[in-house]
Amino acid sequence: QVQLVESGGGLVQPGGSLRLSCAASGIIFSFYTMGWYRQAPGKQPELVATINNGGRTNVGDSVKGRFTISRDNAKNTVLLQMNSLKPEDTAVYYCNADGPASLADYWGQGTQVTVSS
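About the criteria used
- Residues numbered from 1 in each chain as written.
- Predicted model: local features only at pLDDT ≥ 70, side-chain atom pairs only at ≥ 80, totals over all residues.
- Heavy atoms only, no water.
- Helix = DSSP H or I, 4+ residues; strand = E, 2+ residues; numbered from the N terminus.
- Rg over C-alpha atoms; globule rule 2.2 N^0.38 Å.
- Buried < 20%, exposed > 50% of the residue type's maximum accessible area, 1.4 Å probe, protein only.
- Contact = heavy atoms within 4.5 Å.
- Areas by Shrake-Rupley, 256 points an atom, 1.4 Å probe, with all protein chains shown as cover.
- Pairing = 2+ DSSP bridges.
- Patch = residues over 30% accessible without salt bridge, like charges linked within 9 Å, V, L, I, M, F, W, Y side chains within 5 Å.
- Salt bridge = Lys/Arg side-chain N within 4 Å of Asp/Glu carboxyl O.
- Polar contact = N/O pair within 3.5 Å; in protein donor to acceptor, adjacent residues only side chain to side chain.

1. A closer look at the overall build of the chain
Counting secondary structure elements, the chain contains zero helices and eleven strands. The C-alpha radius of gyration computed for the chain amounts to 14 Å, which stays within 12% of the reference 13 Å derived for 117 residues, consistent with globular compactness. Along the first, second and third principal axes, the C-alpha atoms of the chain reach 45 × 25 × 25 Å. Across the 117 residues in the chain, those meeting the buried criterion constitute 38%. Considering only intrachain contacts with a sequence separation of at least 6, the fraction spanning at least 24 residues in the chain is 54%. Of the roughly 6300 Å² that the chain leaves accessible, carbon and sulfur atoms contribute 47%.

Written as C-alpha coordinates, this is what we have:
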(Lines give C-alpha, C1' and ligand atoms only; values in the text may rest on other atoms or scores of the structure.)
Protein backbone atom coordinates (compact mmCIF):
# COMPACT_ATOMS: atom_id res chain seq x y z
CA GLN A 1 0.00 0.00 0.00
CA VAL A 2 1.01 3.59 -0.60
CA GLN A 3 1.17 5.96 2.32
CA LEU A 4 2.22 9.57 2.74
CA VAL A 5 2.48 10.29 6.45
CA GLU A 6 2.85 13.88 7.57
CA SER A 7 4.11 15.30 10.83
CA GLY A 8 5.13 18.63 12.28
CA GLY A 9 1.98 20.70 12.00
CA GLY A 10 0.59 22.72 14.86
CA LEU A 11 0.07 26.16 16.34
CA VAL A 12 2.82 28.78 16.15
CA GLN A 13 3.09 32.51 16.73
CA PRO A 14 3.67 34.99 13.91
CA GLY A 15 7.36 35.15 13.09
CA GLY A 16 7.91 31.63 14.30
CA SER A 17 9.15 28.57 12.48
CA LEU A 18 7.83 25.11 11.83
CA ARG A 19 9.10 22.10 9.93
CA LEU A 20 6.75 19.74 8.15
CA SER A 21 7.81 16.24 7.23
CA CYS A 22 6.22 13.76 4.84
CA ALA A 23 7.38 10.16 4.83
CA ALA A 24 6.45 8.10 1.79
CA SER A 25 6.15 4.35 1.55
CA GLY A 26 4.96 1.95 -1.13
CA ILE A 27 6.45 3.92 -4.03
CA ILE A 28 9.84 4.15 -5.68
CA PHE A 29 10.49 7.49 -4.09
CA SER A 30 13.20 8.67 -6.47
CA PHE A 31 10.78 8.45 -9.42
CA TYR A 32 8.48 11.09 -7.97
CA THR A 33 8.33 14.83 -7.82
CA MET A 34 7.32 15.67 -4.28
CA GLY A 35 5.42 18.73 -3.22
CA TRP A 36 3.45 20.65 -0.65
CA TYR A 37 0.10 22.31 -1.27
CA ARG A 38 -2.17 24.19 1.08
CA GLN A 39 -5.77 25.25 1.34
CA ALA A 40 -7.14 27.90 3.65
CA PRO A 41 -10.84 28.17 4.50
CA GLY A 42 -12.76 29.82 1.68
CA LYS A 43 -9.78 29.82 -0.67
CA GLN A 44 -8.59 27.77 -3.61
CA PRO A 45 -5.83 25.20 -3.15
CA GLU A 46 -2.40 26.75 -3.59
CA LEU A 47 0.98 25.41 -4.60
CA VAL A 48 3.53 25.91 -1.85
CA ALA A 49 6.62 24.19 -3.25
CA THR A 50 7.76 21.19 -5.26
CA ILE A 51 11.04 19.37 -5.67
CA ASN A 52 11.77 16.94 -8.46
CA ASN A 53 13.95 13.85 -8.41
CA GLY A 54 16.95 15.89 -9.55
CA GLY A 55 16.56 18.31 -6.66
CA ARG A 56 15.16 21.19 -8.68
CA THR A 57 12.65 23.26 -6.72
CA ASN A 58 9.65 25.39 -7.53
CA VAL A 59 8.39 27.69 -4.76
CA GLY A 60 5.19 29.68 -4.72
CA ASP A 61 5.48 33.44 -4.79
CA SER A 62 3.63 33.89 -1.52
CA VAL A 63 6.21 31.88 0.43
CA LYS A 64 9.39 32.47 -1.55
CA GLY A 65 12.25 33.52 0.68
CA ARG A 66 10.56 32.12 3.77
CA PHE A 67 9.92 28.45 3.01
CA THR A 68 12.42 25.85 1.83
CA ILE A 69 11.62 22.43 0.43
CA SER A 70 14.10 19.57 0.51
CA ARG A 71 14.12 15.81 0.14
CA ASP A 72 16.05 12.97 1.69
CA ASN A 73 15.92 10.03 -0.68
CA ALA A 74 17.61 7.74 1.82
CA LYS A 75 14.65 8.26 4.16
CA ASN A 76 11.94 8.61 1.48
CA THR A 77 11.07 11.92 3.06
CA VAL A 78 10.27 15.42 1.88
CA LEU A 79 10.59 18.38 4.25
CA LEU A 80 9.17 21.87 4.32
CA GLN A 81 11.02 24.33 6.50
CA MET A 82 8.71 27.24 7.25
CA ASN A 83 10.24 30.43 8.66
CA SER A 84 8.90 33.90 9.37
CA LEU A 85 5.39 32.55 9.52
CA LYS A 86 2.45 34.88 8.99
CA PRO A 87 -1.22 34.53 9.91
CA GLU A 88 -2.04 34.18 6.20
CA ASP A 89 0.01 30.98 6.15
CA THR A 90 -2.73 29.34 8.20
CA ALA A 91 -4.06 26.43 6.17
CA VAL A 92 -4.24 22.70 5.84
CA TYR A 93 -1.00 21.54 4.24
CA TYR A 94 -0.98 18.48 1.99
CA CYS A 95 1.93 16.35 0.86
CA ASN A 96 1.86 15.21 -2.77
CA ALA A 97 3.75 12.59 -4.75
CA ASP A 98 3.56 13.23 -8.50
CA GLY A 99 4.80 10.29 -10.53
CA PRO A 100 5.56 9.80 -14.20
CA ALA A 101 2.59 10.40 -16.47
CA SER A 102 1.45 6.78 -16.52
CA LEU A 103 1.55 6.37 -12.75
CA ALA A 104 -0.96 7.40 -10.13
CA ASP A 105 -0.39 10.42 -7.93
CA TYR A 106 -0.81 10.31 -4.18
CA TRP A 107 -1.79 12.70 -1.43
CA GLY A 108 -1.25 12.80 2.28
CA GLN A 109 -4.00 13.24 4.81
CA GLY A 110 -3.28 16.92 5.40
CA THR A 111 -1.96 18.61 8.51
CA GLN A 112 -3.20 21.82 10.09
CA VAL A 113 -0.86 24.77 10.45
CA THR A 114 -2.21 27.68 12.46
CA VAL A 115 -0.28 30.93 12.84
CA SER A 116 -1.80 33.09 15.54
CA SER A 117 -0.96 35.10 18.62
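2. Details of the pairing of strand S11 (residues 111-115)
Only one face of S11 is buried, namely the one carrying Thr111, Val113 and Val115, since none of Gln112 and Thr114 on the opposite face is buried. With three bridges connecting them, strand S2 (residues 10-12) and S11 associate as parallel partners. Bridge pairing in S11 places Gly10 opposite Val113. Two strands pair when backbone bridges link them, and strand S9 (residues 91-98) and S11 are joined in this way by three bridges, in the antiparallel orientation.

3. Quick look at unusual backbone geometry
With a phi close to 50°, Asn76 is a non-glycine residue in the positive phi region. Its place among the elements puts Asn76 in the loop between strand S7 (67-72) and strand S8 (77-82). For Asn76, a relative accessible area of 26% puts it in the partly exposed group. Positive phi, normally seen in glycine, also occurs at Ser84, with a value near 50°. Checked against the element boundaries, Ser84 lands in the loop between S8 and S9. Residue Ser84 is classed as partly exposed on the basis of its relative accessible area of 41%.

4. A word on a nonpolar patch on the surface
A contiguous nonpolar surface patch, about 290 Å² in accessible area, is contributed by Ile28, Phe31 and Leu103. Mapping Leu103 onto the fold places it in the loop between S9 and strand S10 (106-107).

5. Quick notes on the pattern of salt bridges
Under the counting rule described, the total for this entry stands at three salt bridges. In this structure, Arg38 and Asp89 form a salt bridge, with 3.0 Å as the shortest nitrogen-oxygen distance. Pair noted here: Arg38 is in strand S4 (residues 33-39) and Asp89 is in the loop between S8 and S9, with a separation of 51 residues, a long-range link. For the pair shown, Arg38 and Asp89 are each scored as buried.

6. Some words on the side chain of Arg38
Of the residues examined, Arg38 reaches a relative accessible area of 6% and is grouped as buried. Within the structure, the side chain of Arg38 is placed 2.8 Å from the side chain of Tyr93, a separation counted as a polar contact. Residue contacts for Arg38: discarding those within four places in its chain leaves Gln44, Pro45, Glu46, Val48, Ser62, Val63, Phe67, Glu88, Asp89, Ala91, Val92 and Tyr93.

This is a description of form; function is not addressed.
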